[in-house]
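The primary structure of each chain is shown beneath.
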Amino acid sequence: MTQDGYTTPDGRKIGSVVMEMKNITLRFGGVVAIKDISFDIREGEIRAIIGPNGAGKSSMLNVINGFYHPQEGEIWFHGARRAPMKPYEVAYQGIARTFQNIALFKGMSTLDNIMTGRLTHMKAGIVAQAIWKGAAEREETANREAVEKIIDFLEIQHIRKTPVGRLPYGLQKRVELARALAAEPKLLLLDEPMAGMNVEEKEDMSRFILDVNDEFGTTIALIEHDMGVVMDISDRVVVMDYGKKIGDGTPDEVRNNQEVIDAYLGVAHD
Amino acid sequence: MLYREAGDFKTSYAEDSQTFPIVIDRVGYYVVLAIAFGVIPFLINDYWANAVFVPLLIYAIATLGLNILTGYCGQVSLGTGGFMAVGAYACYKLMTAFPELNIFFCVLLAGGVTAGVGVLFGLPSLRIKGFYLAVATLAAQFFLVWMFNKVPWFYNYSASGQINAPERTLAGIVITGPHTEAWAKYLFCLVFVVLLAWLARNLTRGNFGRQWMAIRDMDIAAEIIGVNPLKAKLSAFAVSSFFIGIAGALFFAVYLGAAEVGEAFGIQKSFLILFMVIIGGLGSIFGSFAGAAFLVLMPVILKNVLVGMLGWQTDIAAHLEFVIVGALIVTFLILEPHGLAQLWRIIKEKLRLWPFPH
């Protein structure tokens, strides 16, 4: 693996480092959630973070999101060290995310949910909005076009106007992915995109994740518990256990790592 | 049969996101507008203006305002009466300090002043939510009423502590003061209602409205996708207070003519408008009108039925009125907790299929 990237076994070119976490430590009082973890995410790759429950995976995403601020360590994004910022400022940097427990806006339609995801692209002020005709309407139409492309892409045309609260679980997950994609993110974080799905829904979701990566070239970091899926779709895997990194590498390397096997299968103490 | 969208194809996104996508709704809206502007002003008399139309229009503005804050942005407020008082006193000070200033601009500027005050009292919303925020806005209610009572500058040192609207004209027509004609009051308020309802609709269907609803539905997710909570909440407070301030200014200057703050803008007013929002339907423009209409019309209708038709004594009827209105509200909220707007949506859904079962 060189500094300028690598080529995956299926022939995709992976570029330079987009995000680099350097020696991140996160504590809540006396509890150490993340302990001195470093890893990088490269342009165009699908990077998985795995680990048993409570390993600190979601905390890691929250650190990337700016929701938690690590006590130690540095976050580098696009070659510059990132100052501590608020979550909405992180969104404007081009980092979008989905949630482990669906976090859609229940009172709004599918379309409105996805349109909300475009808000980092909308600039009309409150007066222009109130008058509507002119700048605000043009902006709305332009963004609606972008949203419709994503709706087509994820095959959710038929539920465009349905309130999301009425949708089944699998579709809600898909709408949430659509909302994240609407931001046209440089880095997409997926927190357990396949949790609670049946095999068919998992296959659909895997296909969408691969398609997103392939068609838009979006860099993806995902947390997932389904090992089969992770090993199939990700290019490189970080393994965490009790807040520490115990493995990092391609799926094959990770699969054969003794520490990882111990963490997942348990180890005999005598 | 009659009410349906079949065959009405939209060919642009602008058409698809218009306010009334179904033809019959659109026609209905223009018919209502035409009657409101073209018929009612010629038929209206003092009784209808003072008992029904003017309070209905003014409460509709206040309800729209509170609905933006509570229904769309999810921030509960019990300070509506206080903010209406700010609008009223700002309008009074502007009218007396600048006699040359057009009454239309006095009312608008009063809304602007209230928006500023609203933002100030909205600041706690960045830290506290739900019931605790309601208590914080309750403090605003009591503080503002107290301030308008205790600081004589606000009521121009008048002996009674009341404020009286001086006579002001717009294009030669008397709008405020005792010599105002019923139709002039009505039309003046109607213009504000139409204008503000249009602004409210535009704001709630666009980017700002979506940010408010995002904060309401899931504030953490909203922040992570890029909603600045400070900007979203304070803009909701500003817009909401702007509406409520205009309602307060009209309530004092056009409707009452003279006002004493504790009586006209007390805590009862905050609750009344909150009830209008809840009965009408949270997060609905139509619901704001429906809720205001329900609570303004219900006592009037009851009074006419009990006293006029059944011949009861006025005092008994007046007391029973409270009981019946209260009972109606409770019954209604049990049957349809999402308000009149939801009821209207269900009726429309049914009408689309009628007369076929599926």
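Nothing here was measured: the structure is a model prediction, and the numbers come from that model. (Residues numbered from 1 in each chain as written. Chains lettered and ligands numbered in written order. Predicted model: local features only at pLDDT ≥ 70, side-chain atom pairs only at ≥ 80, totals over all residues. Heavy atoms only, no water.)

Focus: the overall build of chain B
So, step 1. From N to C terminus, chain B includes 16 helices and four strands.
So, step 2. Its C-alpha atoms give chain B a radius of gyration of 21 Å, within 12% of the compact-globule value 21 Å for 358 residues.
So, step 3. Taken over the C-alpha atoms alone, chain B extends approximately 70 × 55 × 45 Å along its principal axes.
So, step 4. Counting all 358 residues of chain B, 50% fall into the buried class.
So, step 5. A separation threshold of at least 6 residues defines the contact pool for chain B, and within that pool the share at least 24 residues apart is 73%.
So, step 6. Working note: accessible area of chain B is about 16500 Å², and carbon and sulfur atoms make up 71% of it.
So, step 7. Of the charged side chains in chain B, 21 are positive and 18 negative; the average position of the first set lies 6 Å away from that of the second. (Helix = DSSP H or I, 4+ residues; strand = E, 2+ residues; numbered from the N terminus. Rg over C-alpha atoms; globule rule 2.2 N^0.38 Å. Buried < 20%, exposed > 50% of the residue type's maximum accessible area, 1.4 Å probe, protein only. Contact = heavy atoms within 4.5 Å. Areas by Shrake-Rupley, 256 points an atom, 1.4 Å probe, with all protein chains shown as cover. Lys, Arg positive; Asp, Glu negative; His and termini not counted. Charge placed at Lys NZ, Arg CZ, Asp CG, Glu CD.)

Examining the pairing of strand β5 (residues 46-50) of chain A
Residues and elements named next belong to chain A.
So, step 1. Judged by how many residues are buried, β5 sits mostly within the fold: five of five residues are covered.
So, step 2. Residues I46, A48 and I50 line one face of β5 and the alternating positions R47 and I49 line the opposite face, and both faces are buried.
So, step 3. Pairing between β5 and strand β10 (residues 219-223): four bridges, direction parallel. Pairing of I46 across the sheet is with I220, part of β10.
So, step 4. Here β5 runs beside strand β11 (residues 236-241); their pairing, made up of four bridges, is parallel. Counterpart to I50 in the pairing with β11 is V239. (Pairing = 2+ DSSP bridges.)

Regarding the sheet that holds strand β7 (residues 80-81) of chain A
Residue and element names in this part refer to chain A.
So, step 1. An order of β4-β3-β6-β7 is seen for the four strands of this open sheet, with the pairing classed as antiparallel. A strand with exactly one partner marks an edge of an open sheet, and here the two such strands are β4 (31-42) and β7.
So, step 2. Judged from the eight bridges that link them, strand β3 (residues 17-28) and β4 form a sheet pairing that is antiparallel. Within the sheet, the bridge partner assigned to V17 lies in β4 and is R42.
So, step 3. The strands touched by helix α1 (residues 57-65) are β3, β4 and β6 (72-77); relative to β3, the strand with the most contacts, the crossing angle is about 115 degrees. (Axes fitted to C-alpha atoms, helices over the stretch in contact; angles between N-to-C directions.)

Looking at helix α16 (residues 339-353) of chain B
All names here are of chain B.
So, step 1. With 15 residues, α16 extends 22 Å between its outermost C-alpha atoms, agreeing within 8% with the 21 Å of an ideal straight helix rising 1.5 Å per residue.
So, step 2. Of all the positions in α16, only G339, L340, A341 and K348 are classed as buried.
So, step 3. The inward-facing, buried residues of α16 contact α2 (23-38), α13 (267-280), α14 (285-309) and α15 (314-335). (Expected span 1.5 Å × (residues − 1).)

A short note on the sheet that holds β10(A)
All names here are of chain A.
So, step 1. Across the sheet, which stays open at both edges, the six strands sit in the order β8-β9-β10-β5-β11-β12 with mixed pairing between neighbours. Looking at the sheet topology across the chains shown, the edges are occupied by β8 (95-98) and β12 (244-249). Each neighbouring strand pair of the sheet contributes to a mean axis angle of 15 degrees, computed without reference to strand direction.

Some words on the domain arrangement of chain A
All names here are of chain A.
So, step 1. If you check the domain split of chain A, you get domain 1 (1-88 + 186-192 + 221-270) and domain 2 (95-184).
So, step 2. Counting each side, the surface lost to burial between domain 1 and domain 2 is near 1000 Å², with a carbon and sulfur contribution of 48%.
So, step 3. Its largest share of buried area at the contact with domain 2, domain 1 owes to L188, D191 and E192, together 42% of the area lost on that side.
So, step 4. Run the count over domain 1 and domain 2 and you get one salt bridge.
So, step 5. In this structure, D191 and R97 form a salt bridge, with 3.1 Å as the shortest nitrogen-oxygen distance.
So, step 6. Seen at the junction of domain 1 and domain 2, the total is nine residue pairs in polar contact (both at pLDDT 80 or more). (Domains from an automatic or database assignment. Buried area = accessible area lost by both parts, 1.4 Å probe. Salt bridge = Lys/Arg side-chain N within 4 Å of Asp/Glu carboxyl O. Polar contact = N/O pair within 3.5 Å; in protein donor to acceptor, adjacent residues only side chain to side chain.)

Quick notes on the interface of chain B and chain A
So, step 1. Between chain B and chain A, the contact holds 30 residues from the first and 37 residues from the second.
So, step 2. Of the roughly 3000 Å² buried where chain B meets chain A, counting both sides, 65% is carbon and sulfur surface.
So, step 3. When residues of chain B are sorted by the area they lose upon contact with chain A, Y13(B), R210(B) and I224(B) head the list and together hold 26% of the total.
So, step 4. Our enumeration of links across chain B and chain A arrives at one salt bridge.
So, step 5. R210(B) is the salt-bridge partner of E140(A), the closest N and O atoms lying 2.9 Å from each other.
So, step 6. Our count for the chain B to chain A interface comes out at seven residue pairs in polar contact (both at pLDDT 80 or more).
So, step 7. Put simply, the parts of the chain that give the side of chain B that touches chain A at least two residues each are α1 (13-16), α8 (182-205), α9 (207-217), α10 (219-224) and α11 (229-256) of chain B.
So, step 8. Looking at the side of chain B that touches chain A residue by residue, the classes come out as 17 nonpolar, seven polar and six charged. (Nonpolar A, V, L, I, M, F, W, Y, C, P; charged D, E, K, R; others polar.)

Structural notes on the nonpolar core
So, step 1. One finds W212(B), L250(B) and F265(B) to be the most contacted residues of the largest nonpolar core, which totals 111 residues.
So, step 2. The leading source of residues in this core is helix α4 (residues 46-72) of chain B, at 16 residues.
So, step 3. With sequence-adjacent residues up to four places away left out, L250(B) is seen in contact with I58(B), I61(B), V107(B), F188(B), C189(B), F192(B) and Y255(B).
So, step 4. Membership of the second largest hydrophobic core comes to 45 residues, among which are L104(A), L111(A), F153(A) and I209(A). (Core = buried A, V, L, I, M, F, W, Y, C linked by side-chain atoms within 4.5 Å.)

As for the packing of helix α5 (residues 80-97) of chain B against α11(B)
All names here are of chain B.
So, step 1. It is at 7 Å that the axes of α5 and α11 come closest, and there the two elements cross at 60 degrees. As the angle between them shows, α5 and α11 are arranged oblique. Judged by the twist between their axes, the crossing of α5 over α11 is right-handed. For the pair α5 and α11, the contacting residues are T80, F83, M84, G87, A88, C91, Y92 and M95 in the first and I244, G245, A247, G248, A249, F251, F252 and A253 in the second. (Parallel < 35°, antiparallel > 145°, perpendicular 65-115°, else oblique. Left-handed = near helix turned anticlockwise from the far one by under 90°.)

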